[in-house]
Amino acid sequence: MFERSPWFYILFISLGNVIAFPAGSHKSQSVCGYESCPKGVPGMLNVHLIAHTHDDVGWLKTVDQYYFGSHTDTQNAGVQYILDSVIQALLHDPNKKFIYVETAFFWKWWMRQHDSVRHQVKILVNSGQLEFVGGGWSMNDEAVTNYMSTIDQMTWGFRKLNDTFGECGRPKVGWQIDPFGHSRDMASTFALMGMDGLFFARLDYMDKENRLKSKSAEMVWKGSPNIGKKSWLFTGVLYNHYQPPPGFCFDLLCDDEPIIDDKHSPEYNVDDKVSRFISFIGNESKYYATDNVAVTMGGDFNYQDANSWFTNLDKIISYVNEKQETEGSKVNVFYSTPSCYLKSLNGANITWPEKSDDFFPYASDPHTYWTGYYTSRPAIKYFERLGNNFLQVCKQLYVLGEIGPEDQVDLNSMREAMGVMQHHDAITGTEKQVVASDYARILSKGFEECSAVTSAAIQKLMNPATKNRKNDLLKDVNVDEVSDSSEEIGIGAAQAPPTVSISSCLLLNISQCEVSEGSDPFTVIVYNPLSKIVNHTVRVPVSGASYIVKDPNGAELTVQVVPIPQEVLQIPGRVSSAVNELVFQAELLPPAGFKSYYISQGNNLNTVIEQFEIIGNQKQLKQGRGNIIKIGSGDFKVGIGAKSGLIELIERGDLKAEIKQEILYYESMAGDNSIFAKRASGAYIFRPNGTDAVPMKSKINRVTSKVYRGELVDEVHQQFSSWASQVVRVHKDKNYAELNWVVGPIPIEDGIGKEIIMRFTSNIQNNGVFYTDSNGREMLQRMRRASSVENNPNKELEDSVLESISGNYYPVTSRIRIAGLMGETPAVLSILTDRAQGGSSVKDGEVELMIHRRLLHDDAFGVGEALNETAYGTGLVVRGQNIVILGPMAADAPASPVYAEERQMAEEKLLAPWLFFSKTQQSYEEWMKNTGKEFVGLKPTLPPNVHVLTLEPWSGNTVLLRLEHFYEMNEDAILSKPVTLNLEKLLAFIQPTFIRETTLGANQWLENSKRMNWKSESNSVTEDTSGEENFLEQNENGVFDPTQVTLGPMDIRTFVIGLPKY
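Small disclaimer: the values here were computed from a predicted structure and weren't measured. (Residues numbered from 1 in each chain as written. Predicted model: local features only at pLDDT ≥ 70, side-chain atom pairs only at ≥ 80, totals over all residues. Heavy atoms only, no water.)

Novice: Can you break down the overall build of the chain residue by residue, with the values?
Specialist: Counting its secondary structure elements, the chain contains 19 helices and 53 strands. Counting all 1062 residues of the chain, 65% fall into the buried class. Accessible surface, the chain as shown: approximately 36,900 Å² in total, 48% of it carbon and sulfur. (Helix = DSSP H or I, 4+ residues; strand = E, 2+ residues; numbered from the N terminus. Buried < 20%, exposed > 50% of the residue type's maximum accessible area, 1.4 Å probe, protein only. Areas by Shrake-Rupley, 256 points an atom, 1.4 Å probe, with all protein chains shown as cover.)

Written as structure tokens, this is what we have:
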């Protein structure tokens, strides 16, 4: 957007060269990569022409519509024609070069090509004419994506390129030219993937102006203060967005005149074109530090007729370079690539400026902050996060269940669907509605396909015969740590259980599940994808009022049945007989394992201990309950104001905080976009109409609250208006509160769009400082920027903004935090999210998160329609959850206990235990006798600050494993320390034939990764070996030692593990 393998997949690789090169490759003839770069002329201004196309994996058209070129009335764009045309042009001239980025489209095209065409493409790749940059399945967004999904989608794109082209297909440069701002964690990710540099186009308009003036648009970006130099990445900002110079777009979609060199023609324009080009280049060169400049020659879906481009680019090169002899010109033009341009910069051997924070928020003019998309389409943002949860479960179960190669196609469907979802016009919510619906279709298909894998794996793991397989996953596990009896793991039974239907309920978010609400009895299998033992509160929708739940040991559990809020029962599209939710505690869930629970209807009512209503007036005072009504039976309590019906107090032990929580809304600016000051709030842009957020309007003009107390959880069901409500939950022995909200249909009858926020107001003195996460990993400090005077823009300060609300919004992928003195007591308030949201601390003591938005105007950045989501004939209703944590902070210590709790809770939200449901005709006695009810996937010996980030089937008879230290430095006195592991002992359960470390993207052996050196202002040099420091442990013979693998704070280490063949 400009305005805005299966095991049998080993077709090209051998096991011995699983990462490096395709078997039978043309390696000996290859001159790809830096070896294929043209050499600039010393003493001249060397102009690198970068021929490229930017192909959105969905935006105005769906993925398939873009690929096949249909629906030209919407946009004239067909990716298959681009690749057809470019390949033929490159084959006709070995001097031409072209880059391609989106592997999703390339692979779709590649699978449809004849072997003869594939052979020709391999020649082009091996010669460096066709170069892959970026290389992910899509060009992912950087604000609202989680690091786990980003790594996955990059890795899957790399996998396809590596399997097909080997080393010559390995991207060396990141190319993030269209995402709407850039995260520090993404820079770190690219560096750890072995890349040498990154180029992008979008950054704040004032930041770009200042960087160009100071020649600091190219820099060394310090990706992580925890990981250090191996996370540093050379980064460059493109001069003219990613477009060609004005007047030099030669695509069929453009109106610029071609270069006409017939001197006898009245249309002859060579002199004018050459003069204008040289003038443009001269101007650009003033803002960059070396005698090399990059000029992008392409744009959105360009090169459907590559000849129209290359014919004119040939003429530019010829006629501009001709002036070197005729006029002594110092401009030298040639075909190049981002990596070749990067090589020339590296060869300049100069000192570069540094960058240590990120590029958010992105503003394109004083009134246009691209902070609305942090929240746009909240339902699809949640669906994507749910998809990541299930993809990790699916990949783990594929490995643990030893599923055969015939099922990897099903797994790949989910991998690719999630790769598409990371695209910067997918998860962002900045696509047309028809495209959003297609993204949901693609992801739904992925769920369906991967469900076949999970069902087959669980069936196999529930089979007692599983213990007899040669690769015994329970080898050396101390079962007593997670179970009282080995019988419950299926070890003692003699016969296999009958085949059962196992399914997921993807509509639990609206309390709907066909199995649980329509079956008696039924079983719930709770799978824990984390690498530690977890206690998890299970909630399943039911139609009855009394239930008995028995665990794998036969113990009857404490249960609670609570009513489903009326606002949930009335969600449009909900088709369910469930009126209650059954709540029980699944304790000691084994790492990468599961427990099964037998559920049947009972005779005793599992009702709440106490229930009453707060209607927000003085009546409650006369009942003797006082001004504050507290819920929570443990150390953590939430107080509801009897007068207001709102949260007014949070207690944790001796720490008491006056915290008010409200659901409010901003009225959206309704401009016509004719000038900056009339910019409308839209899918990309958040722009309130200048007023503060206002309370909900209801007929009774107050909040009503219903209180339910029980043995497991206390709840308050609050109604703010007819279209906004929430449930406040405090679980027994938990140090947090859950806020489960329902918003919609957002009313628009008044002709005003609305941006819905959840706001917390406290007396914490944070002095304008707050913290947000970077893609779910490290926390970044934010400083609130003051409002500048609109009628005197020439006096704007660098830290001031005209749009003081939207200009202070940042992406919140997992959590936001404020900290400071609360009176004389230091305290920390953190809010966690279940999907990406925009957030800020607009005033001291406040934290707000935008949870939903419905708008009536387009913001004029290309989508061409308002963000007015509807479903089932009315405005979209969304249900979500935020978690509130309050805790102390020592005045003389850098860390709070809350920081570790945030980490743990964020991890448990990202990889939540997954519920599988099964109808059963078995009696409880038959179920106990015939069914394996518990499975332990990993021996629970990983340190508490390390987890398995990735466990998935890889090429051939191998598995891909990633281990992550998920704490930052100084975040916890114990958990922030480095950890050393013995991988051989850890992986004894699979009896590995080899363990070999790779870069983060799993497409290069780590020992082969040699990154460029860069001098920067701190007089240091970036890592030239992709992080040998604390990475490559070696024994006395200089060989990687898997028995001594160290992970420091925030480290992620990636390994390919060979499996034995049976």
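Novice: Talk me through the state of the cysteines; I want residue IDs and the actual numbers.
Specialist: The final tally for this structure, using the stated rule, is 5 disulfides. A sulfur-sulfur distance of 1.8 Å marks the disulfide that ties Cys-249 to Cys-254. Residue classification places Cys-249 among the buried residues on the basis of a relative accessible area of 9%. Note on cysteine connectivity: Cys-394 is disulfide-linked to Cys-450, with sulfurs 2.0 Å apart. Measuring the twist about the S-S bond at about -95°, one finds the Cys-394-Cys-450 disulfide to be left-handed. Residue Cys-394 is located in helix α11 (residues 378-400), and its partner Cys-450 is located in helix α13 (residues 433-461); the two are separated by 56 residues in the primary sequence. (Disulfide = S-S within 2.5 Å.)

Novice: Go over the layout of surface pockets, please, and point to the residues and values.
Specialist: Approximately 810 Å³ is the volume found for the largest pocket. Lining the largest pocket are 28 residues, with Ala-379, Ile-380, Leu-507, Leu-876 and Val-877 sitting closest to its centre. Sorting the residues of the lining of the largest pocket by element identifies α11, α13, β42 (870-871), β43 (874-875) and β44 (878-888) as the ones contributing at least two each. Its residues assigned to classes, the lining of the largest pocket comprises 17 nonpolar, 8 polar and 3 charged. (1 Å grid on protein atoms, 1.4 Å probe; cavity = no way out; pocket = protein on both sides within 12 Å on 5 of 7 lines; lining within 4 Å. Points joined across faces, edges and corners; volume = space filled by probe spheres on them. Nonpolar A, V, L, I, M, F, W, Y, C, P; charged D, E, K, R; others polar.)

Novice: Break down the sheet that holds strand β47 (residues 946-953) for me, with residues and values.
Specialist: Spatial ordering of the open sheet is given by β47-β48-β53-β50, a layout of 4 strands whose pairing is antiparallel. Looking at which strands have only one partner, the edges of the open sheet turn out to be β47 and β50 (994-998). The average angle at which neighbouring strand axes cross in this sheet is 25°, direction not considered. Pairing of strand β48 (residues 958-965) with strand β53 (residues 1052-1058) involves 7 bridges; the strand directions are antiparallel. Looking across to β53, one finds that Glu-964 is bridged to Ile-1052. Packing against the sheet, α11 makes contact with β47 and β48, and its axis sits at approximately 70° to β47. (Pairing = 2+ DSSP bridges. Axes fitted to C-alpha atoms, helices over the stretch in contact; angles between N-to-C directions. Contact = heavy atoms within 4.5 Å.)

Novice: For the environment of Ile-1052, give the residues involved together with the corresponding values.
Specialist: Along the polypeptide, Ile-1052 turns up in strand β53. Considering only alpha carbons, one finds Ile-1052 and Val-946, 106 residues apart in sequence, at a separation of 9.5 Å.

Novice: Before we move on, can you summarise the confidence of the model for the chain with the specific residues and values?
Specialist: Chain-level statistics for the chain give a pLDDT mean of 89 and a share of 88% at 70 or above. In the model, residues 617-625 has pLDDT below 50 throughout and makes 15 contacts with residues more than four positions away in sequence or in other chains. Confidence drops under pLDDT 50 across residues 790-798; counting only partners more than four residues distant or on other chains, this segment forms 8 contacts. (pLDDT = per-residue confidence, 0-100.)

Novice: I'd like a description of unusual backbone geometry, backed by residues and values.
Specialist: Across the junction of Phe-360 and Pro-361, the peptide omega takes the value -10°, indicating a cis bond. Positive phi, normally seen in glycine, also occurs at Arg-377, with a value near 55°. Taking the relative accessible area as the measure of exposure, Arg-377 reaches 3% and is therefore buried. Even without being a glycine, Glu-402 presents a positive backbone phi close to 50°. The residue Glu-402 is located in the loop between α11 and α12 (408-421) in this model.

Novice: Outline the packing of helix α3 (residues 103-110) against helix α5 (residues 147-165), supporting the account with residue identities and numerical values.
Specialist: Where α3 meets α5, the closest approach of the two axes is 9 Å, and the angle between their N-to-C directions is 40°. Judged by the inter-axis angle, α3 sits oblique to α5. Both α3 and α5 take part in a crossing whose hand is left-handed. From α3, Thr-103, Phe-106, Trp-107 and Trp-110 reach across to α5, where they touch Gly-157, Lys-160, Leu-161, Thr-164 and Phe-165. For the contact of α3 with α5, the residue count by class is 5 nonpolar, 3 polar and 1 charged. (Parallel < 35°, antiparallel > 145°, perpendicular 65-115°, else oblique. Left-handed = near helix turned anticlockwise from the far one by under 90°.)

Novice: A description of the sheet that holds strand β1 (residues 45-54) should follow, citing residues and the corresponding values.
Specialist: Read across the sheet, 3 strands follow the order β8-β1-β9 without closing on themselves; strand pairing throughout is parallel. Every other strand in the sheet has two partners, leaving β8 (292-300) and β9 (331-336) as the edge strands with one partner each. Between one strand axis and the next, the sheet turns through 25° on average, direction left out of account. As defined by bridge partners, β1 adjoins β9 across 6 bridges and the pair is classed as parallel.

Novice: Give a detailed account of the packing of helix α2 (residues 79-92) against helix α4 (residues 115-126), specifying residues and quantitative values.
Specialist: It is the contact of α2 with α4, at a shortest axis distance of 10 Å, that shows an interaxial angle of 65°. As α2 packs across α4, the resulting crossing turns out to be left-handed. Contacts between α2 and α4 involve Ile-87, Leu-90 and Leu-91 on the former and, on the latter, Gln-120, Val-121 and Leu-124. Counted by class, the contact of α2 with α4 contains 5 nonpolar, 1 polar and no charged residues.

Novice: I'd like a description of the packing of aromatic side chains, backed by residues and values.
Specialist: For the structure on display, the rule yields 48 aromatic pairs. On the numbers, 5.4 Å between centres and 35° between planes, the contact of Phe-132 with Phe-165 is tilted. You can see Phe-132 sitting in strand β3 (residues 130-132) and its partner Phe-165 sitting in helix α5, a full 33 residues away along the chain. Across this residue pair, the class does not change: Phe-132 and Phe-165 are buried. Ring geometry for Tyr-684 against Phe-861: centres 6.2 Å apart, planes inclined by 75°, an arrangement best described as edge-to-face. In this pair, Tyr-684 is assigned in the loop between β25 (655-667) and β26 (694-695) and Phe-861 in the loop between β41 (846-854) and β42, connecting sequence segments 177 residues apart. The buried category is assigned to Tyr-684, whose relative accessible area is 0%. Of the aromatic side chains, those joined through ring pairs into one cluster are Phe-98, Phe-248, Phe-250, Phe-277, Tyr-303, Trp-309, Phe-310 and Tyr-335. Here Arg-777 stacks its cationic end above the ring of Tyr-147, 5.4 Å away from the centre of that ring. The side chain of Lys-933 reaches across the aromatic face of Trp-927, ending 5.5 Å from its centre. (Phe/Tyr/Trp six-rings, centres within 6.5 Å; stacked < 30°, edge-to-face > 60°. Lys NZ or Arg CZ within 6 Å of the ring centre and 35° of its normal.)

Novice: So what about the pattern of salt bridges? Which residues, and what values?
Specialist: Counting across every chain of the model gives 54 salt bridges. Across the salt bridge formed by Glu-167 and Arg-170, the nearest N and O atoms sit 2.9 Å from each other. Exposure remark for Arg-170: the relative accessible area of 10% places this residue in the buried category. When the shortest N-O distance is used, the salt bridge between Glu-431 and Arg-377 registers 3.9 Å. Here the residue Glu-431 occupies a position in the loop between α12 and α13, and Arg-377 occupies one in the loop between β13 (368-369) and α11, the gap between them amounting to 54 residues. Glu-431 sits in the buried class, given a relative accessible area of 1%. One connected set of salt bridges, linked through shared partners, spans Arg-539, Glu-581, Glu-715, Arg-729 and Glu-738. (Salt bridge = Lys/Arg side-chain N within 4 Å of Asp/Glu carboxyl O.)

Novice: Report on the pairing of β41, specifying residues and quantitative values.
Specialist: Of all 9 residues making up β41, 9 are buried, and the element is well covered by its neighbours. Relative to β41, strand β31 (residues 754-761) is paired through 8 bridges, and the arrangement is antiparallel. Within β41, the residue paired with Ile-756 across the bridge is His-852. When strand β40 (residues 837-840) meets β41, the two strands line up antiparallel, connected through 3 bridges. Bridge assignment links Ser-840 to a residue of β41, and that residue is Glu-848. Once β40 ends, the chain turns through 5 residues before running back antiparallel as β41, passing Gly-845 with a positive phi of about 85°.

Novice: Tell me about the pairing of strand β39 (residues 825-833), and please be specific about residues and values.
Specialist: A large share of β39 lies buried, amounting to 8 of its 9 residues. Across 8 bridges, strand β38 (residues 815-822) lies against β39 in antiparallel orientation. When the sheet's bridge partners are listed, Met-822 is paired in β39 with Thr-825. Turn length for the β38-β39 hairpin, with the two strands adjacent in sequence and antiparallel, is 2 residues, and the turn residue Gly-823 shows positive phi of about 75°. In the sheet, β39 pairs with β44 via 7 bridges, with the strands oriented antiparallel. What sits directly across from Thr-833, in β44, is Asn-882.

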